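Residue-level listing of the chains:
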Amino acid sequence: MFGFGSHVPERECGVVVDIGSGSVGAALVVSEPDEKKPTFLWTHREHITLGNDATGEVTLRHINTALINVFLQLGTTGTKSLREYDNSLKVTHMQVSVSAPWAHTVIKQINYTDEHPFAVTDELLHELSVTAQKQAEDVIHKNPLLKENGTVSLDNKPIGVITNGYNVLHATNAQTRELSIAHLSALTQKRTLEIVEDSRNKLFPKTKLFTHSFMYVYYEVLQNASPDTREACLIDVTSEATEIGIIREGLLTHVTHIPYGTYTLAREIASACGIPKEEAYTYLKGGKSFVDTKLSKAKKNELTIILSVYEERLAKLFQSTGDTLAIPKSLFLHTDVTTEKFFKTRIAEAAHIATGMQHVTHLITSNFLEAEGRQDTALELSGMYFHIKHQKALTEH
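Read on for an overview of the structure. The residue count restarts for each chain, going from 1 along the sequence in the order it is written. This being a predicted model, a pLDDT of at least 70 is required before a residue's local features are given, and a value of 80 or more before pairs of side-chain atoms are given or counted; all residues contribute to the totals for chains, interfaces and linings. The side-chain numbers reported here are obtained from all heavy atoms of the structure, hydrogens and water having been left aside.

## Notes on the overall build of the protein
The following threshold applies: Comment: elements are numbered from the N terminus, with helices defined as DSSP H or I runs of at least four residues and strands as E runs of at least two. Throughout, the radius of gyration refers to the C-alpha atoms, and the reference size of a globule is 2.2 Å times the residue count to the power 0.38. With a 1.4 Å probe rolled over the protein chains alone, any residue whose accessible area is under 20% of its type maximum counts as buried; one over 50% counts as exposed, and the rest are partly exposed.
Counting secondary structure elements, the protein contains 12 helices and 14 strands. The C-alpha radius of gyration of the protein comes to 22 Å, within 12% of the 21 Å expected for a compact globule of 397 residues. Summarising its shape, the C-alpha atoms of the protein cover approximately 70 × 60 × 40 Å along the three principal directions. Within the span of the protein, comprising 397 residues, buried residues form 54% of the whole.

## Some thoughts on the layout of surface pockets
Just so we agree on the cut-off: Both cavities and pockets are sets of points on a 1 Å grid over the protein atoms alone; in a cavity a 1.4 Å probe fits but cannot get out, in a pocket the set is open with protein on both sides within 12 Å along at least five of seven lines, and lining residues sit with an atom within 4 Å of a point. Grid points are joined across faces, edges and corners, and a volume is the space filled by probe spheres set on the points. Residues are grouped as follows: nonpolar covers Ala, Val, Leu, Ile, Met, Phe, Trp, Tyr, Cys and Pro; charged covers Asp, Glu, Lys and Arg; every other residue, Gly included, is treated as polar.
If you add up the space inside the largest pocket, you get close to 1,200 Å³. In this structure, the largest pocket is lined by 36 residues; those nearest its centre are I159, L169, Y216, E220 and K389. Elements with a minimum of two residues in the lining of the largest pocket: α2 (122–140), β6 (151–163), β7 (166–168), β9 (208–213), α5 (214–225) and α12 (377–396). Top contributing element to the lining of the largest pocket by residue count: β6, with 7 residues. Across the lining of the largest pocket, the residue classes tally to 17 nonpolar, 11 polar and 8 charged. Counted as a void, the second largest pocket has a volume near 420 Å³. If you go around the second largest pocket, you meet 24 residues; those closest to its centre are S23, R45, H47, S239 and D336.

## Details of the packing of helix α1 (residues 60–85) against helix α4 (residues 190–203)
Our working definition: Fitted lines through C-alpha atoms serve as axes, helices being fitted only where they are in contact, and the angles separating the N-to-C directions of these axes extend from 0 to 180 degrees. Here the word oblique covers every angle except those under 35 degrees (roughly parallel), over 145 (roughly antiparallel) and from 65 to 115 (roughly perpendicular). Residues are treated as being in contact if the distance between any of their heavy atoms lies within 4.5 Å.
The interhelical angle for the contact between α1 and α4, taken along N-to-C directions, is 10 degrees, at an axis separation of 10 Å. As far as their axial angle goes, α4 and α1 are roughly parallel. Contacts between α1 and α4 pair L60, N64, L67, I68, F71, L74 and G75 from the former with R191, T192, I195, V196, S199 and L203 from the latter. Across the contact of α1 with α4, the residue classes tally to 8 nonpolar, 4 polar and 1 charged.

## Examining the sheet that holds strand β12 (residues 251–258)
The condition that has to hold: In this description, strands pair whenever DSSP reports at least two bridges between them.
Spatially, 5 strands are ordered β12-β11-β10-β13-β14 in an open sheet, and the strand pairing comes out mixed. Every interior strand has two partners, whereas the edge strands, β12 and β14 (360–363), have only one. Between one strand axis and the next, the sheet turns by 20 degrees as a mean value, whatever way the strands run. In the sheet, strand β10 (residues 232–237) pairs with strand β13 (residues 330–334) via 4 bridges, with the strands oriented parallel.

## Comments concerning α4
Cut-off, in case you're wondering: An expected span of 1.5 Å times one less than the residue number is assigned to each helix. Arc definition: directions from the helix axis to the C-beta atoms.
Across its 14 residues, α4 extends 20 Å between first and last C-alpha, which sits within 8% of the 20 Å expected from 1.5 Å per residue. When we look at burial in α4, the residues that qualify are T192, L193, I195, V196, S199 and R200. All buried residues of α4 project into a common sector of 150 degrees when viewed along the axis, lining one side. In this structure, the buried side of α4 is in contact with β1 (12–19), α1, β4 (91–98), β6, β8 (175–189) and β9.

## Points about the sheet that holds β1
Strand order across the open sheet formed by 5 strands is β3-β2-β1-β4-β9, with mixed pairing between neighbours. For this open sheet the edge positions go to β3 (39–47) and β9, each flanked by a neighbour on one side alone. Neighbour-to-neighbour, the strand axes of this sheet turn through a mean angle of 15 degrees, independent of strand direction. Packed on one face of the sheet, α12 meets β1, β2 (23–31), β3, β4 and β9 and runs near 140 degrees to β1.

## Digging into the pairing of β8
Most of β8 sits inside the fold, with 12 of its 15 residues counted as buried. Here 13 bridges tie strand β5 (residues 103–119) to β8, and the two strands are oriented antiparallel to one another. Residue A119 lies in a different strand from β8, and its bridge partner there is Q175. Here 11 bridges tie β6 to β8, and the two strands are oriented antiparallel to one another. Bridging across to β8, N156 finds its partner in S185.

## With respect to the pairing of β14
Heads up, the condition is: Here a crossover is taken to be right-handed if, once the strands point away from the viewer, the path from the first strand over the helix to the second is traced clockwise.
Covered by surrounding structure in β14 are T361 and L363 only, the residues V360 and H362 on the alternate face being uncovered. Pairing of β13 with β14, which is carried by 4 bridges, proceeds in the parallel orientation. Paired with F332 across the two strands is H362, which belongs to β14. For the handedness criterion, the β-α-β arrangement of β13, helix α10 (residues 340–355) and β14 is classed as right-handed.

## Re the packing of aromatic side chains
Centre distance and the angle of the planes are the two values used to describe a pair of aromatic rings. Heads up, the rule is: Two aromatic rings, drawn from Phe, Tyr or Trp (for Trp, its six-membered ring), form a pair once their centres lie within 6.5 Å of each other, and the interplanar angle then sorts them: stacked below 30 degrees, edge-to-face above 60, tilted otherwise.
For the structure shown, the criterion picks out 9 aromatic pairs. Aromatic pair Y112 and F118: ring centres 5.1 Å apart, planes at 90 degrees, arrangement edge-to-face. Relative accessible area serves as the criterion here: at 33%, Y112 is assigned to the partly exposed category. When the centroid spacing of 6.3 Å and the interplanar angle of 45 degrees are considered together, the rings of F214 and Y218 count as tilted. Placement of both F214 and Y218 in helix α5 is noted, with a separation of 4 residues, approximately one turn of the helix.

See below:
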């Protein structure tokens with residue numbers, strides 16, 4: 001349940017916050033029952049620049065500072081936009097998603113089989129869920145980054161049940177010989193959520209807070225947009241990380257990531273080629289840069305090597321999902337709208353290296369979001385998730 005209680009307003013207003021690996025964004029959105037998409041009243045994103053210190057690397061301190069600045073903007077320009085849109089409209093929900101590497105997501109699947117058909121009971125589902133939760137938490141607490149910064153639960157829930165090979169919404173009383181339950185656990189840094197809680201209490205103290213890992217939000221939006229997708233690999237390339245999620249039988253089953261993204265690659269190219277980081281990033285976006293006009297043949301060869309190494313790094317990620325099978329043939333890529341084409345090529349090559357097969361890459365931004373000129377696709381996804389949950393709550397009531 002989305003948490004609307006016994007009464008679900010047909011028109012719902014919420015704050016969605018996206019904490020990315022190298023930036024923080026927020027939006028005020030309105031969900032209405034007859035609309036395919038939510039209405040965005042206001043958006044703002046704080047980026048950590050490519051060269052904010054000697055190394056250019058993004059730290060948790062940078063992210064938390066950006067988060068504070070975003071809430072300051074929400075309290076001024078955001079609330080002003082809300083009043084101008086409809087002074088009677090109240091914010092009732094705050095939805096926060098956190099991306100890798102600041103969020104660490106683990107999904108554990110527990111299987112129960114019997115040679116004879118058995119009835120699925122609430123007690124059995126609870127027992128399997130508790131076992132899956134414990135296994136997920138055991139894995140997640142071994143992460144050194146999370147230990148170092150102090151962690152809190154971001155999300156902790158069963159996300160699906162499979163009976164007779166199908167992901168079902170209502171399994172109780174079903175007859176089956178095989179039963180599987182998947183439990184998602186996600187942690188993030190304590191200080192980050194403390195800032196969220198403090199800001200919510202100051203700006204919108206009566207709102208209900210919901211927190212998720214971004215990969216889970218991504219999964220839910222894709223399932224809503226393409227419910228027939230049974231096998232897929234979700235890829236999220238952000239400033240400082242690349243995260244993948246594996247879908248089997250329509251259920252998110254494995255999530256993993258590496259702390260390497262667009263900014264990381266741009267810094268590596270800039271260092272090897274002796275060009276400004278901004279020029280390297282322009283190259284990733286497909287724009288005309290020093291890479292095209294001023295690099296020597298030797299430097300261009302170095303660039304080719306860097307890109308090949310990057311593809312090998314992605315291939316290893318594809319081979320380290322924890323799944324016993326190779327990644328599915330259908331790849332769904334989410335990244336900044338300006339770098340989609342570049343990463344589509346690299347990811348297709350990396351997937352081929354990993355599996356020896358040809359894969360089909362779907363561009364989430366271009367094919368599913370139809371963002372109508374808005375460049376902030378992470379907020380677009382988060383806003384869609386808010387809208388989907390509101391629509392479902394209306395239907396259930």
